[in-house]
Amino acid sequence: MESTLVLVKPDGVERGLTGQIMARIEAKGYVITKAKLETPSRELLAKHYEEHEGKPFYEPLLEFMSSGPVFAMQVEGNRVIEGFRSLAGATDPTEAAPGTIRGDLGRDWGERVQKNLVHGSDSTASAERELGLWFADA
Ligand code: CMP
């Protein structure tokens, strides 16, 4: 059994899509084992996105991610890391396939950052690291 970190980003929370996103995760058979709503600090985001430091979208990404509440979840299931990324769809909502969270619900905002509704860890090492950051006290 694997665990992954799923974030509903500020665009998803603001648009009232958290419930629909949770329903898709549960309908797929995954189990939400921890959850909290919080506006992340820049310190947390700098650690979370350390691999993107220096990229052109890094500063706007931190600005966007700290602009409002994020709904963070620990999600468990067999091959859930790969499975959630496939549920989420491609990073760019315009390119994401219909049937995926970003393909069905994501918008193209015409901005430099991809406001793409959700984040899912991309490997077992990232999942362990990111869950440690977001649920350090849980
Ligand atoms: P996420 O899965 O949270 O990981 C990094 C984030 O950076 C990504 O989702 C997008 O929100 C954003 N991102 C990734 N690539 C780009 C890009 N080429 N241009 C703008 N934003 C990006």
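Residues numbered from 1 in each chain as written. Predicted model: local features only at pLDDT ≥ 70, side-chain atom pairs only at ≥ 80, totals over all residues. Heavy atoms only, no water.

S.K.: Would you mind going over the sheet that holds strand β4 (residues 118-120) in detail, with residue names and values included?
M.R.: In space, the four strands of this open sheet follow the order β2-β3-β1-β4, with antiparallel pairing throughout. The open sheet has two free edges, formed respectively by β2 (31-38) and β4, since each of these has just one partner strand. Across the sheet, the axes of successive neighbouring strands diverge by a mean angle of 20°, strand direction being ignored. Note: strand β1 (residues 2-8) against β4, three bridges, orientation antiparallel. Residue pairing in the sheet places V6 in a bridge with G120 of β4. Seen against the sheet, helix α2 (residues 18-27) touches β1, β2, β3 (70-77) and β4 and runs at an angle of roughly 5° to β3. (Pairing = 2+ DSSP bridges. Helix = DSSP H or I, 4+ residues; strand = E, 2+ residues; numbered from the N terminus. Axes fitted to C-alpha atoms, helices over the stretch in contact; angles between N-to-C directions. Contact = heavy atoms within 4.5 Å.)

S.K.: Describe the side chain of H119, naming the residues involved and giving the relevant values.
M.R.: With respect to the secondary-structure elements, H119 resides in strand β4. For H119, a relative accessible area of 13% translates into the label buried. A distance of 3.0 Å separates a polar atom in the side chain of H119 from a polar atom in the side chain of E130. Sequence-distant contacts of H119, defined by excluding residues within four places in its chain, comprise L5, V6, L7, K9, H48, Y49, F84, R102 and E130. (Buried < 20%, exposed > 50% of the residue type's maximum accessible area, 1.4 Å probe, protein only. Polar contact = N/O pair within 3.5 Å; in protein donor to acceptor, adjacent residues only side chain to side chain.)

S.K.: So, the site of the ligand: which residues are in play, and what are the values?
M.R.: With respect to spatial proximity, the complete set of residues near the ligand consists of K9, Y49, H52, F57, L61, T91, R112, V113, Q114, N116 and H119. Between the ligand and the protein, one listed contact pairs an oxygen atom with a backbone N or O atom of Q114 at 2.9 Å. Note that an oxygen atom of the ligand is positioned 3.1 Å from one of the side-chain N or O atoms of H119. Taken by itself the ligand offers 450 Å² of open surface, and the protein chains cover 77% of this. For the shell around the ligand, the residue count by class is four nonpolar, five polar and two charged. (Near = heavy atom within 4 Å. Areas by Shrake-Rupley, 256 points an atom, 1.4 Å probe, with all protein chains shown as cover. Nonpolar A, V, L, I, M, F, W, Y, C, P; charged D, E, K, R; others polar.)

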